[in-house]
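Spelled out, the chains give:
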Amino acid sequence: MPRLFLLEDDASLAEGLAWALGKQGFEVSCAATLAQARAWPGGMAGFDILVLDVGLPDGSGFTFCESLRAAGCNTPILFLTAAEEEVNIIRGLDGGGDDYMTKPFQLGELCSRLRALLRRAGGAAAPQTLRSGGLVIDLPGCRVTRSGRTLELTAAEYRLLCLLVRHAGQTLTRRAILDELWDGTGDFVDDNTLSV
């Protein structure tokens, strides 16, 4: 399980993210202030990826990132913040951040960016399976089993099932589902297919 450190002062957002990312196969630890993050037992070396807010009660996620980089920490850092001005994005990336997302955000995109950062860093492997009850999705093999029995699915059914399991417990709009199921080759699930 990739170990993720979340520095976020909004308690409800941190709790929701920790739960959602946990369902995606991440082991999440949270802090709400720079002081808590700096005093974390073992420091940041024990984590595979860091997700930092910028505006914190006792300082800035930018300065925390800069101090980590100055100390030789190479752990991938993603800024997740409401600060969407270009100057903030530039400061975050030039200050040592590897990626930058603004709030509000889509959970699926956040998870994809986190997995991409993990792949590039060669750190902990991204989750290889998704599970929901007796359902197991083998992501590298594109195979689905239910209670040990292999299910025969079309490509569209497979993508839809992965999407729904990744967002278990969430309500997805029809538009969000259609947007997610469109792929780079131009294959997509049209509105009528989704209805069926």
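Residues numbered from 1 in each chain as written. Predicted model: local features only at pLDDT ≥ 70, side-chain atom pairs only at ≥ 80, totals over all residues. Heavy atoms only, no water.

Undergrad: Please explain the state of the cysteines as it appears in this structure.
TA: The bond known as a disulfide is covalent and runs between the sulfur atoms of two cysteines. Summed over all chains, the structure comprises zero disulfides. Here Cys65 stays free of any disulfide, with the sulfur of Cys73 as its closest cysteine sulfur at 8.6 Å. (Disulfide = S-S within 2.5 Å.)

Undergrad: What's the story with the packing of helix H1 (residues 11–23) against helix H5 (residues 107–121) in this structure? I'm lost.
TA: For any two helices packed against each other, the geometry comes down to the angle between their axes and how far apart the axes lie. At a closest axis distance of 11 Å, the pairing of H1 and H5 adopts a crossing angle of 60°. Along this stretch, H1 crosses H5, giving a crossing that reads as right-handed. Packed against H1, whose contacting residues are Leu17, Ala20 and Leu21, the element H5 presents Leu107, Leu110, Cys111 and Leu114 at the interface. Among the residues making up the contact of H1 with H5, the classes are represented as seven nonpolar, no polar and no charged. (Axes fitted to C-alpha atoms, helices over the stretch in contact; angles between N-to-C directions. Helix = DSSP H or I, 4+ residues; strand = E, 2+ residues; numbered from the N terminus. Left-handed = near helix turned anticlockwise from the far one by under 90°. Contact = heavy atoms within 4.5 Å. Nonpolar A, V, L, I, M, F, W, Y, C, P; charged D, E, K, R; others polar.)

Undergrad: I keep staring at the sheet that holds strand S3 (residues 49–52) and nothing clicks. Help me out?
TA: If you walk across this open sheet you meet the five strands as S2-S1-S3-S6-S7, and the pairing is parallel. Each edge of the open sheet is held by one strand with a lone partner, namely strand S2 (27–31) and strand S7 (99–102). Strand-to-strand twist in this sheet, taken as the mean axis angle between neighbours without regard to direction, amounts to 20°. Bridge analysis of strand S1 (residues 3–7) against S3 gives four bridges, and the strand direction is parallel. Looking at S3, one finds that Leu7 is bridged to Leu52. The strands that H1 touches are S1, S2 and strand S6 (77–81); relative to S2, the one it contacts most, it runs at about 170°. (Pairing = 2+ DSSP bridges.)

Undergrad: Could you clarify how one ought to interpret the sheet that holds strand S11 (residues 149–151) in this entry?
TA: Backbone-to-backbone hydrogen bonds pair the strands of a sheet. The strands run either parallel or antiparallel. Pairing is antiparallel across the open sheet formed by four strands, whose spatial order is S8-S9-S10-S11. The open sheet has two free edges, formed respectively by strand S8 (129–132) and S11, since each of these has just one partner strand. Here the average twist between neighbouring strands, direction ignored, is 25°. Bridging between S8 and strand S9 (residues 135–138) involves four bridges; their strand directions are antiparallel. Note on S9: the bridge partner recorded for Thr129 is Asp138. Contacts between helix H6 (residues 155–166) and the sheet are confined to S8, S9 and strand S10 (143–146), with S9 contributing the most and set at about 115° to the helix.

Undergrad: Any chance you could explain the environment of Thr145 here in plain terms?
TA: Topologically, Thr145 is positioned in strand S10. Given the relative accessible area of 23%, Thr145 is considered partly exposed. Leave out the neighbours within four places in its chain, and Thr145 touches Gly134, Leu135, Val136, Thr150 and Leu151. (Buried < 20%, exposed > 50% of the residue type's maximum accessible area, 1.4 Å probe, protein only.)

Undergrad: Before we go on, may I ask you to explain helix H3 (residues 61–70) in this structure?
TA: Because the α-helix completes a turn every 3.6 residues, residues three or four places apart line up on one side. For H3, every residue scored as buried is listed here: Gly61, Phe62, Phe64, Cys65 and Leu68. Down the axis, H3 shows its buried residues gathered within 165° of arc, on one side only. (Arc of directions from axis to C-beta.)

Undergrad: Looking at this model, I keep getting lost on the pairing of S6. Mind explaining?
TA: Within a regular strand, side chains alternate between the sheet's two faces. Counting buried positions along S6 gives five out of five residues, so the element sits mostly inside the fold. Burial of S6 is two-sided: the residues Ile77, Phe79 and Thr81 facing one way and the residues Leu78 and Leu80 facing the other way are all buried. With helix H4 (residues 86–94) bridging S6 and the parallel S7, this β-α-β connection has right-handed handedness. (Right-handed = clockwise from strand over helix to strand, strands pointing away.)

Read these as spatial facts, not as claims about activity.
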